[in-house]
Amino acid sequence: MGLWMTRTKDLAWEDALPDSARRYLIALTLLQWLSLIVLIGDSLHSLYPLFELRTCGIEAVKWEYLAFRVCILVTASETVSNCLGWSCFAGMALLFDEKVERVTKSDKLKYVTKVLVCLLAGTFVWLVKTLIVKVLASSFHVIKYFDRIQESLFYQYVIETLSGPPLIEIKRTEKEDERLVDEVRKLPNAGATIPPDLKNAAFPTAKSRRVIGSGGLPRSPRRSINFSQPLNQKLDDGITVDHLHKLNPKNVSAWNMKRLMNIVRHGSLTTLDEQIEDSTRGDEKATQIISEVEAKAAAKKIFQNVAGHGSKNIYVQDLTRFLRDDEALRTMSLFEGASESGKISKTSLKNWVVNAFRERRALALTLNDTKTAVNKLHQMVKVMIILLIVVLWLLILGIATTKFLVFVSSQLVLVAFVFGNTCKTVFEAIIFLFVVHPFDVGDRCEIDGVEMVVEEMNILTTVFLRYDNSKIVFPNGVLSTKPINNYYRSPNMGDGVEFCIHVSTPAEKIAAIKHRITSYIENKKEHWCAQPMIVVMNVEGLDRVRFAVWLGHKMNFQDIGERWVRRSLLVEEMMKTFQELDLQYRLFPVDINVCSMPSVTSTRVPSNWTATTS
């Protein structure tokens, strides 16, 4: 009985399955319930006669009980809860004990008992395998991806909230809804009949505005109630931002982790488009961001929605109209330079939305590739467990004699000799992918001095994209032996610019160069860390002094284009400084000795020259 109940629960939350698979599972569940009802009804109807009928000296009730359990085994699926249902075979093995065998005086029951013990041992091993695989997979996802998923979902919440109506409007709308509900509740007291549409609109199912991944956030007060269509339609399951803040790697359950992963894998960044005035759709789906162009357009709409009238920046006071105070302060820290200046510019908002889209897309691809790799690994484990179960059955049935075991051992030695290197490679690749795990999809890495972006991850190979979009496939066994520089996982990285000046340059000009370069860097607080180092590197050729500017980015080199843009602006400022200070590049003096010169035959000579004869 518990087996069918757990199967029904599985169907309730397996919304990520395709429609065809979901229909198959529903049909399977109905078949299970039907078989349960038929068997129970047949048992109750023929209870008394069955006690009198016997086959091989055993009551027919026990044979029917055996058939009932076999039906459960046949229809059971891969889930852990259903594996627990397979433990019913423990009761079957007790049906035919030695006492029954002595009473019936039949040798056939001994073989039936051995078969039942084989099934019990097989289901127990399969249950242990399923538990281990699911626990390890869940732990892997929590350790590697929980922080990124939590951060990505908070970004989604910020984008959806800032693109919608402010909290003041929402509260005013809620008050209007409450007043409408009170008025509708008074109608039956006055003897009036409430139409069904009006009743559904007046008593909608409560849906929190602070739900992430549901697509059900309200747009505006004028469309919060729609009398043409009931509002209590089922929306996609999401997670509230308050619940999201409470989760951490230590308290997140496997169920919640799966929900978060499904939101990221099957969802996308969305905005609430306030410009659609004539929408008559009841579901009012949000506008999805599926490209960087749409991300930039969304950033523009968000700026127009949040910033004050005529303002060129967004301030904390503007954010508090949409977010709580603690969320507004956390949101300010997300934008470059906003924590120091206290304002968000259009450029920084656009860059943040684009980066949030890139991160969400890379995270979704990573989770998809990881799920595929875990499934392939699960298939490998299944093959090994099936072989183990077969050996276990042979031992229980007494088929595995000494000669048979010697023969199997010799064959295993041959297989190990042929496929030993392959097994070693596969094992190293699995350790590299699931234990070492040096990168994810979308990470920019440097391998053998070449910068590449991870495109696809598999169990045996990893596909990279080079700077010219050329795909390079590396075996994971080879990557495990190479040093990998992961830019995405690196903290804020440093940079350096070198330049040379003439050895005779006055000390005053050198001090002015240092002051202007330092001032420029410290004024760009959103790009560079304070207090850069300007040091003398070396004296070259007795006529040049080499200087180096060592400074720190407020970013890593994952976005390599942004790194070179910031560095280019710094170099341009340095060139401007050199020109304004009139720095000259002089060659080292060279002595020239002239031994002889030909006679001058041209009449076009300088006036201060005198004609000489050799």
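Residues numbered from 1 in each chain as written. Predicted model: local features only at pLDDT ≥ 70, side-chain atom pairs only at ≥ 80, totals over all residues. Heavy atoms only, no water.

A. Up close: the overall build of the protein chain. A count of helical and extended segments in the protein chain gives 21 helices and 16 strands. A buried classification covers 37% of the 614 residues belonging to the protein chain. If you take every contact in the protein chain between residues at least 6 apart in sequence, the share linking residues at least 24 apart comes to 69%. Accessible area for the protein chain stands at about 36,300 Å²; split by element, carbon and sulfur atoms hold 60% of it. (Helix = DSSP H or I, 4+ residues; strand = E, 2+ residues; numbered from the N terminus. Buried < 20%, exposed > 50% of the residue type's maximum accessible area, 1.4 Å probe, protein only. Contact = heavy atoms within 4.5 Å. Areas by Shrake-Rupley, 256 points an atom, 1.4 Å probe, with all protein chains shown as cover.)

B. Looking closely at the UniProt feature "transmembrane region" (unreviewed entry) in the protein chain. Annotation from UniProt places "transmembrane region" (unreviewed entry) at residues 111–128, 385–406 and 412–436. For residues 111–128, the helix share is 100%, the strand share is 0%, and the end-to-end C-alpha distance is 26 Å. For residues 385–406, the helix share is 82%, the strand share is 0%, and the end-to-end C-alpha distance is 21 Å. (UniProt positions renumbered as here; feature names shortened; annotations may be inferred.)

C. Spatial organisation of empty space enclosed by the protein. Overall, the coordinates contain two cavities of 30 Å³ or more when judged by the stated rule. Here the second largest cavity defines a volume of roughly 40 Å³. Taken together, Phe 140, Tyr 145, Asp 369, Thr 370, Ala 373, Leu 433, Phe 434, His 437 and Met 457 make up the full set of residues lining the second largest cavity. Of all the secondary-structure elements, those providing two or more residues to the lining of the second largest cavity are helix H8 (108–162), helix H17 (346–397) and helix H18 (402–436). With three residues, the top contributor of residues to the lining of the second largest cavity is H17. Residues that form the lining of the second largest cavity fall into these classes: six nonpolar, two polar and one charged. (1 Å grid on protein atoms, 1.4 Å probe; cavity = no way out; pocket = protein on both sides within 12 Å on 5 of 7 lines; lining within 4 Å. Points joined across faces, edges and corners; volume = space filled by probe spheres on them. Nonpolar A, V, L, I, M, F, W, Y, C, P; charged D, E, K, R; others polar.)

D. Local environment of the layout of surface pockets. Quantified by volume, the largest pocket comes out at close to 1,700 Å³. What lines the largest pocket is a set of 50 residues, and nearest its centre among them are Asn 355, Tyr 488, Asn 556, Gln 558 and Asp 559. Elements supplying a minimum of two residues to the lining of the largest pocket: H8, helix H13 (292–306), helix H16 (338–341), H17, strand S10 (450–457), strand S11 (461–466) and helix H21 (560–580). When residues in the lining of the largest pocket are grouped by element, the largest group, 13 residues, is from H17.

E. How the structure looks around a nonpolar patch on the surface. A surface patch of nonpolar side chains, amounting to about 530 Å² of accessible area, comprises Leu 414, Val 415, Phe 417, Val 418 and Phe 419. The topology assignment puts Leu 414 in helix H18. (Patch = residues over 30% accessible without salt bridge, like charges linked within 9 Å, V, L, I, M, F, W, Y side chains within 5 Å. Salt bridge = Lys/Arg side-chain N within 4 Å of Asp/Glu carboxyl O.)

F. Spotlight on the packing of aromatic side chains. Taken as a whole and assessed by the stated rule, the structure comprises 11 aromatic pairs. Ring plane angle 70° and centroid distance 5.4 Å describe the contact between Phe 140 and Phe 434, whose orientation is recorded as edge-to-face. In this pair, Phe 140 is assigned in helix H8 and Phe 434 in helix H18, connecting sequence segments 294 residues apart. Across this residue pair, the class does not change: Phe 140 and Phe 434 are buried. A centroid spacing of 5.0 Å and a plane angle of 50° characterise the contact between Phe 335 and Trp 352, whose relative ring orientation is tilted. Taken together, the positions of Phe 335 in the loop between helix H15 (325–332) and H16 and Trp 352 in helix H17 put the pair 17 residues apart, joining distant regions of the chain. In this structure, Phe 335 and Trp 352 share a single accessibility class: buried. Aromatic rings pair up to connect Phe 432, Phe 439, Phe 464 and Phe 474 into one cluster. For Arg 563, the ring lying beneath its charged end belongs to Phe 557, and the centroid distance is 4.2 Å. (Phe/Tyr/Trp six-rings, centres within 6.5 Å; stacked < 30°, edge-to-face > 60°. Lys NZ or Arg CZ within 6 Å of the ring centre and 35° of its normal.)

G. Quick peek at the packing of H13 against H17. At a minimum axis distance of 9 Å, the contact between H13 and H17 shows a crossing angle of 135°. Relative to H17, the element H13 is oriented oblique. Relative to H17, H13 is oriented so that their crossing is right-handed. The residues of H17 that touch H13, namely those facing Glu 292, Ala 295, Lys 296, Ala 299, Ile 302 and Phe 303, are Lys 346, Leu 349, Lys 350, Val 353, Val 354, Phe 357, Arg 358 and Arg 361. Per-class residue counts for the contact of H13 with H17 are eight nonpolar, no polar and six charged. (Axes fitted to C-alpha atoms, helices over the stretch in contact; angles between N-to-C directions. Parallel < 35°, antiparallel > 145°, perpendicular 65-115°, else oblique. Left-handed = near helix turned anticlockwise from the far one by under 90°.)

H. A look at the pattern of salt bridges. One pass over the full model with this rule turns up 23 salt bridges. Here Arg 148 and Asp 440 are joined by a salt bridge, their closest N and O atoms 3.2 Å apart. In this pair, Arg 148 sits in helix H8 while Asp 440 sits in the loop between H18 and strand S9 (444–447), placing the two residues 292 residues apart along the sequence. With relative accessibility at 3%, the residue Asp 440 sits in the buried group. Taking the shortest distance from any N to any O, the salt bridge between Arg 361 and Glu 292 comes out at 3.9 Å. Note that Arg 361 is positioned in helix H17 and Glu 292 in helix H13, a separation of 69 residues in sequence. Overall, the relative accessible area of 41% leaves Arg 361 in the partly exposed class. One salt-bridge network, held together by shared partners, links Arg 148, Glu 359, Asp 440, Asp 443 and Arg 489.

I. Structural context of the packing of helix H20 (residues 507–523) against H21. Axis separation between H20 and H21 bottoms out at 10 Å; the angle between their running directions is 150°. Put simply, H20 runs roughly antiparallel to H21. Here H20 runs over H21; the crossing is right-handed. Along the contact surface, H20 presents Ile 513, Arg 516, Ile 517, Tyr 520 and Ile 521, while H21 presents Leu 569, Leu 570, Glu 573, Met 574, Thr 577, Phe 578 and Glu 580. Residue composition of the contact of H20 with H21, by class: eight nonpolar, one polar and three charged.

J. Looking closely at the sheet that holds S9. What the five strands build is an open sheet, ordered S12-S11-S10-S9-S13; its pairing is antiparallel. The sheet is open, and its two borders are formed by strand S12 (471–475) and strand S13 (484–486), each paired with just one other strand. The sheet shows a mean angle of 40° between the axes of neighbouring strands, taken without regard to direction. Sheet topology places S9 next to S10; four bridges connect them, and they run antiparallel. Following the sheet pairing, Arg 444 is matched in S10 by Val 453. (Pairing = 2+ DSSP bridges.)

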